[in-house]
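Okay, here's what each chain looks like letter by letter:
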2 protein chains.
Amino acid sequence: MASDRIISFNDVLEANKRISQFLHKTPVFTSHQADEKSGGRCIFFKAENLQKSGSFKARGALNAVLKCRESNNATCGVVTHSSGNHGQGLAWAASVAKLPCYVVVPQMAPLVKKNAILSYGAELVECGAKPTDRYEACDRLEKDKNLVFIPPYDHQDVIAGQGTIGLEFLEQVPQLDAILIPVSGGGMSAGIAIAAKTIKPDIKIFLVTPKGKKLEECLTTGKRPWEGPPQYLETIADGIRLQQTGYITTPILIDLVEKQVFEMSDQEMVEGMKFAFERMKLVIEAASGAAVAAAFSQKMKNMDASIQNVGVILCGGNVDIDDLPW
Amino acid sequence: MASDRIISFNDVLEANKRISQFLHKTPVFTSHQADEKSGGRCIFFKAENLQKSGSFKARGALNAVLKCRESNNATCGVVTHSSGNHGQGLAWAASVAKLPCYVVVPQMAPLVKKNAILSYGAELVECGAKPTDRYEACDRLEKDKNLVFIPPYDHQDVIAGQGTIGLEFLEQVPQLDAILIPVSGGGMSAGIAIAAKTIKPDIKIFLVTPKGKKLEECLTTGKRPWEGPPQYLETIADGIRLQQTGYITTPILIDLVEKQVFEMSDQEMVEGMKFAFERMKLVIEAASGAAVAAAFSQKMKNMDASIQNVGVILCGGNVDIDDLPW
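Note that the structure is a prediction, hence the values are computed from the model and not measured.

Before going further, it helps to spend a moment on the overall build of chain A. Broken down by element type, chain A carries 13 helices and ten strands. Relative to the 2.2 N^0.38 estimate, which gives 20 Å for 326 residues, the radius of gyration of chain A is 18 Å and therefore close to what a compact globule would have. Principal axes of the C-alpha set define a box for chain A whose edges measure 55 × 45 × 40 Å. Considering chain A as a whole, with its 326 residues, one finds that 60% of them fall into the buried category.

So this is what it looks like as structure tokens:
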């Protein structure tokens with residue numbers, strides 16, 4: 001492991017001290033049928049869909065917001081761009097910290113997501129549909145209103161906050177041999193990797209993505225393969241549709257995670273979702289379904305038999321129940 | 001309390017010793033939004049939808065099956081009639097006890113329910129649509145194959161098994177002032193009432209039913225008001241559509257529970273379900289939705305302010321996710 005990493009295991013421990021009293025220690029579930037479907041491994045599901053704000057994003061957002069408040073009493077508030085889980089997570093975190101919060105969302109974002117952000121007392125600011133529209137609107141707001149920008153993943157305190165999942169999971173299931181993590185910008189996977197590989201250096205961290213992300217190329221070559229501005233992938237999993245991982249997160253992932261990536265199709269994600277709904281009675285979003293499907297995939301069945309106890313991160317449950325993908 | 005009750009608190013304690021190693025200690029969830037919707041009370045949700053077989057029925061069924069095996073080594077197997085949760089619960093329990101299991105289901109029962117029973121290795125026997133058809137098919141099978149009949153609720157060991165929910169819930173949340181319980185035949189509510197009123201005599205047990213059950217009349221007059229053969233109510237909540245409570249359960253309920261009954265409409269149950277799906281990320285069936293809706297009802301808001309901490313039993317999560325009622 002590189003010793004010059006900008007986020008240390010200690011940052012994760014400090015994040016845990018800072019945020020754990022406000023968050024759920026999410027339960028870990030097992031399922032006899034899941035074990036069978038994985039080809040006889042033991043599968044452990046970490047239910048971050050039951051986390052405050054409906055996803056793991058509450059952890060990193062709260063760590064960043066509380067650190068911001070600690071370091072700067074004159075903070076006028078926080079701002080981010082996200083129509084999804086980070087927007088809800090930050091809105092929730094700001095309400096806990098009693099700070100104003102502005103969330104930039106594309107005008108055409110689903111009403112259900114806008115309402116969720118509003119329900120935590122944040123202010124919505126609408127923008128255009130391109131990733132770059134969001135960044136510009138966010139920049140403007142930051143300057144005009146003297147706000148602190150809390151990005152969704154490429155931020156030290158956000159990554160350290162998400163890393164607390166790794167601490168908790170290995171405390172709950174010390175025998176884990178591997179963890180399957182859905183990845184978008186890489187904040188959660190980087191954080192969990194830092195925590196888990198420090199506690200248990202032999203553990204294997206596998207990333208799960210939609211088709212077309214080309215993350216395996218990045219991990220294998222050690223270079224970010226993506227040109228130009230950020231792009232979205234064609235996938236039903238809105239939580240993990242960003243193609244590129246971040247500038248801070250990518251080197252951490254290259255350093256710590258396995259080179260083999262689980263690329264899942266929309267249909268596989270839907271099957272993973274349905275398994276969770278029907279057999280585990282958990283509402284999960286498509287990004288979580290991707291990790292469930294990875295645990296049941298042929299690729300997992302072909303893995304070394306020494307990988308016996310497999311953790312699956314159910315990253316969130318923010319799905320429109322009036323428009324389920326089946 | 002009557003001292004001549006045929007099921008004692010000790011039966012519940014013994015059931016707990018017998019079955020707990022095979023079952024989930026289901027988690028208790030809270031929700032800030034649920035507290036708000038209840039008018040400022042603290043609501044605690046006991047997630048029996050996450051129980052083995054997808055409902056609380058696994059508890060009573062397993063207690064009955066294990067007692068049956070203890071008392072009679074020559075048992076050829078068990079049989080019951082139920083297209084729903086008890087059928088799945090018994091099929092699961094028999095698989096744990098390694099006993100053959102036959103489940104009588106109406107021919108027109110949904111395929112999803114039949115498949116769930118089959119998935120635990122039980123044998124399905126189809127019958128006609130009337131409640132009496134089930135009883136007759138079950139009787140015949142019991143005699144022909146020398147099976148032990150395990151009824152869904154009117155049975156000492158089944159009631160004692162369901163009572164373990166009360167033990168667990170008060171261990172997890174000792175400050176409970178009241179518990180809201182969906183009721184069909186009354187096995188779960190009788191069991192919980194025996195356990196909870198023994199541990200905490202001041203606790204109030206409130207029953208939740210579909211419209212038209214007339215249970216309040218029964219509790220108030222102390223007499224079973226229902227003539228003739230068992231009838232089904234018109235309701236989307238298939239888990240609680242039986243009109244009559246049982247011959248064993250009814251006197252226990254008359255003795256121990258509050259006279260006021262929460263009668264919920266289909267629309268209220270759907271709203272309760274949607275709250276659990278959207279805000280708590282839990283898949284629950286309509287009977288559970290009824291208890292959620294009861295916690296948010298005007299009737300609950302009008303209750304004495306001394307009832308501050310309210311338990312809600314999410315009795316099951318066996319709903320057809322391809323045919324959700326919204």
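Across the sheet, four strands lie side by side as β5-β4-β3-β6 (chain B); this open sheet has parallel pairing. Lying at the two open borders of the sheet, with one neighbouring strand each, are β5 (123-127) and β6 (148-149) of chain B.

Residue and element names in this part refer to chain B. Here F56 lies in the loop between β2 (42-47) and α3 (57-71). A relative accessible area of 7% means that F56 is categorised as buried. When the C-alpha positions of F56 and T164 are compared, they lie 9.8 Å apart, and in sequence the two are 108 residues distant. Sequence-distant contacts of F56, that is, excluding residues within four places in its chain, are made with E48, Q51, Q162, I165, M188 and C315.

Now for helix α1 (residues 9-19) of chain B. All names here are of chain B. For α1, the full list of buried residues reads V12, A15, R18 and I19. Along the axis of α1, the buried positions cluster into a sector of 120°, meaning they face one direction only. Packed against the buried residues of α1 are α3, α7 (156-172) and α8 (187-199).

Here the focus is the relation of the copies chain B and chain A. For the pair chain B and chain A, the relating rotation is 180°, the translation along its axis is 0.0 Å, and the fit reaches an RMSD of 0.0 Å. These values place the two chain copies in the arrangement generated by a two-fold rotation axis. Residue L282 of chain B of chain B places its C-alpha closer to the rotation axis than any other residue of that unit, at 2.5 Å. When the interface residues of chain B are mapped onto chain A, 100% of them again lie at the interface, so the same face is used by both copies.

This brings us to the interface of chain B and chain A. Taken together, the contacts link 22 residues of chain B with 22 residues of chain A. Per-residue buried area on chain B facing chain A is highest for K281, V283 and I321 of chain B; these three make up 33% of the total on that side. Run the count over chain B and chain A and you get two salt bridges. Put simply, K274 of chain A and D322 of chain B hold a salt bridge, and the shortest N to O gap is 3.0 Å. Our count for the chain B to chain A interface comes out at ten residue pairs in polar contact (both at pLDDT 80 or more). At five residues, helix α11 (residues 266-280) of chain B tops the list of elements feeding residues into the side of chain B that touches chain A.

Our focus in this paragraph is the environment of R59 of chain A. All names here are of chain A. Relative to the helices and strands, R59 is located in helix α3 (residues 57-71). The class of R59 is buried, set by a relative accessible area of 1%. Separated by 36 residues in the primary sequence, R59 and L23 place their C-alpha atoms 7.4 Å from one another. Leaving out residues up to four positions away in the same chain, R59 has contacts with I19, L23, H24, T26, K46, E48, Q51, G161, Q162, T164, I165 and E168.

Further remarks concern the nonpolar core. Looking at soluble globular proteins, one finds that nonpolar side chains tend to be buried together. Among the nonpolar cores identified, the biggest contains 157 residues, and I179 and L180 of chain A together with I179 and L180 of chain B are the most heavily contacted of them. Formed by 25 residues, the second largest nonpolar core is a distinct cluster that contains A61, L62, W92 and V105 of chain A.

It should be kept in mind that the predicted coordinates are not to be read in detail where pLDDT is low. The share of residues in chain A with pLDDT of 70 or more is 98%, and the mean pLDDT across the chain is 94. Taken over the whole predicted complex, pTM reads 0.94, whereas the ipTM for its chain interfaces reads 0.93.

This part covers the packing of aromatic side chains. Evaluation of the coordinates by the stated rule reveals six aromatic pairs over all chains. Between F206 of chain B and F262 of chain B, the ring centres sit 5.6 Å apart and the planes meet at 85°, which makes this aromatic pair edge-to-face. Taken together, the positions of F206 of chain B in strand β8 (residues 204-210) and F262 of chain B in strand β9 (residues 261-264) put the pair 56 residues apart, joining distant regions of the chain. Of the residues examined, F206 of chain B reaches a relative accessible area of 1% and is grouped as buried. Of note, R241 of chain A hangs over the ring of Y232 of chain A, and the distance from its end group to the ring centre comes to 4.0 Å.

To continue, consider the side chain of R134 of chain A. Residues and elements named next belong to chain A. Mapped onto the elements of the fold, R134 is located in helix α6 (residues 131-145). Within the buried set, R134 has no salt-bridge partner at all; the shortest N-O distance to an opposite charge, 8.2 Å, is to D133. Not counting residues up to four positions away in its chain, the partners in contact with R134 are H81, S82, S83, V104, P106, C127, Y232 and R241.

Enumeration according to the criterion identifies 22 salt bridges over all chains in this entry. Notably, a salt bridge pairs K113 of chain A with D238 of chain A, separated by 2.3 Å at the nearest N-O pair. Of this pair, K113 of chain A sits in helix α5 (residues 111-119) while D238 of chain A sits in the loop between α9 (215-221) and α10 (249-256); the two residues are 125 residues apart in sequence, bridging distant segments of the chain. The partly exposed category is assigned to D238 of chain A, whose relative accessible area is 38%. We note a salt bridge from D133 of chain B to K130 of chain B, for which the minimum N-O separation is 3.6 Å. It is possible to trace a salt-bridge network through shared partners that takes in K46, E48, R59 and E168 of chain A.

What follows is about the state of the cysteines. Two cysteines whose sulfur atoms are joined by a covalent bond form what is called a disulfide. All names here are of chain B. Under the definition given, this model contains zero disulfides over all chains. Summary of cysteine pairing: C218 is not part of a disulfide, and the nearest cysteine sulfur, belonging to C315, is at 20 Å. Accessibility expressed as a relative area gives 0% for C218, which makes it buried. Accessibility expressed as a relative area gives 4% for C315, which makes it buried.

Calculation rules
- Residues numbered from 1 in each chain as written.
- Chains lettered and ligands numbered in written order.
- Predicted model: local features only at pLDDT ≥ 70, side-chain atom pairs only at ≥ 80, totals over all residues.
- Heavy atoms only, no water.
- Helix = DSSP H or I, 4+ residues; strand = E, 2+ residues; numbered from the N terminus.
- Rg over C-alpha atoms; globule rule 2.2 N^0.38 Å.
- Buried < 20%, exposed > 50% of the residue type's maximum accessible area, 1.4 Å probe, protein only.
- Pairing = 2+ DSSP bridges.
- Contact = heavy atoms within 4.5 Å.
- Arc of directions from axis to C-beta.
- Least-squares fit on C-alpha atoms with pLDDT ≥ 70 in both.
- Buried area = accessible area lost by both parts, 1.4 Å probe.
- Salt bridge = Lys/Arg side-chain N within 4 Å of Asp/Glu carboxyl O.
- Polar contact = N/O pair within 3.5 Å; in protein donor to acceptor, adjacent residues only side chain to side chain.
- Core = buried A, V, L, I, M, F, W, Y, C linked by side-chain atoms within 4.5 Å.
- pLDDT = per-residue confidence, 0-100.
- Phe/Tyr/Trp six-rings, centres within 6.5 Å; stacked < 30°, edge-to-face > 60°.
- Lys NZ or Arg CZ within 6 Å of the ring centre and 35° of its normal.
- Lys, Arg positive; Asp, Glu negative; His and termini not counted.
- Disulfide = S-S within 2.5 Å.

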